[in-house]
Amino acid sequence: MAETDKKTATKDPGRRPPAALDHSSESAIVTRRSFFSWLSFGWLAFIAATGGFFTMMLRFFFPNVLFEPEQTFRAGFPDDYVKGEVDLRWKDKFGVWMVRNDEGIYALSTVCTHLGCTPNWLSNERKFKCPCHGSGFQASGINFEGPAPRPLERYRIVLADDGQIIVDKTRKFQQEKGQWSDPEAFLKV
Ligand code: FES
């Protein structure tokens, strides 16, 4: 040991060597760092939990509401429909085709009786063709090709006091059950 070190050790025996001091201050810094990272984590968790809580509260006050199209609607006057034509004006809004033949008018459902897709009216071929699996229906709604097991359904159709047509989708008529002969399944005009 050098002469100077010997003197220092003799003067201050409780003093730790410089290497020991460095190690302890380093671990103090590490402890402080990990404390702050845990604190940040805690804050983040708190903010996430609070955000989730307020989101739930908002959903409680503004629940999801499904606005379905009306089930009963006025479809104009019989003279608005041309004989021999399938009218598409209510297809998108109400899911109904109006068809007028020589005797009257009926309201056909646009739901394919296979798996529920919406067929298209092909006026040149005079048939409804389903894009999903190829079922075909005549203008009357009778199925004649593809996997659809039964005809399209018809909806209740009556005249209001003011002479307008009312289509009521809450009542359906199925051909295979003999319901198309019901007076409200077909509007004579
Ligand atoms: Fe129309 Fe399958 S859903 S043919």
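Residues numbered from 1 in each chain as written. Predicted model: local features only at pLDDT ≥ 70, side-chain atom pairs only at ≥ 80, totals over all residues. Heavy atoms only, no water.

A separate point is the side chain of D87. Examined against the element boundaries, D87 turns out to sit in strand 2 (residues 86-87). Residue contacts for D87: discarding those within four places in its chain leaves D80, Y81, V96, W97 and M98. (Helix = DSSP H or I, 4+ residues; strand = E, 2+ residues; numbered from the N terminus. Contact = heavy atoms within 4.5 Å.)

For the rest of this paragraph, the subject is the pattern of salt bridges. Applying the stated criterion across every chain yields a total of 12 salt bridges. Of the charged contacts in the structure, one is a salt bridge between K129 and E145, with a shortest N-O distance of 3.0 Å. Of this pair, K129 sits in strand 6 (residues 127-129) while E145 sits in strand 8 (residues 143-145), and the two are 16 residues apart along the sequence. Notably, a salt bridge pairs R171 with E184, separated by 2.9 Å at the nearest N-O pair. Taken as a pair, R171 in strand 10 (residues 165-173) and E184 in the loop between strand 10 and strand 11 (187-188) lie far apart in primary sequence, 13 residues in all. Connected via shared salt-bridge partners are R156, D168, R171, D182 and E184. (Salt bridge = Lys/Arg side-chain N within 4 Å of Asp/Glu carboxyl O.)

Another aspect to go through is the sheet that holds strand 8. Taken together, the 4 strands give an open sheet; going across it, the order is 5-6-7-8, and neighbouring strands pair in antiparallel fashion. The open sheet terminates on both sides in strands that have one partner only, identified here as strand 5 (120-122) and strand 8. Averaged over neighbouring strand pairs, the angle between their axes works out to 35° when direction is ignored. Of the pairings in the sheet, the one linking strand 5 to strand 6 comprises 3 bridges and is antiparallel in character. (Pairing = 2+ DSSP bridges. Axes fitted to C-alpha atoms, helices over the stretch in contact; angles between N-to-C directions.)

In this section: a nonpolar patch on the surface. Taken together, the side chains of L39, W43, F46 and I47 present a nonpolar region at the surface, about 440 Å² in accessible area. Looking at where F46 falls in the secondary structure, it is placed in helix 2 (residues 18-61). (Patch = residues over 30% accessible without salt bridge, like charges linked within 9 Å, V, L, I, M, F, W, Y side chains within 5 Å. Areas by Shrake-Rupley, 256 points an atom, 1.4 Å probe, with all protein chains shown as cover.)

A negative phi holds for most residues other than glycine; trans holds for most peptide bonds. A positive phi angle is found at R126, which is not glycine, with a value near 50°. Note on placement: R126 falls in the loop between strand 5 and strand 6.

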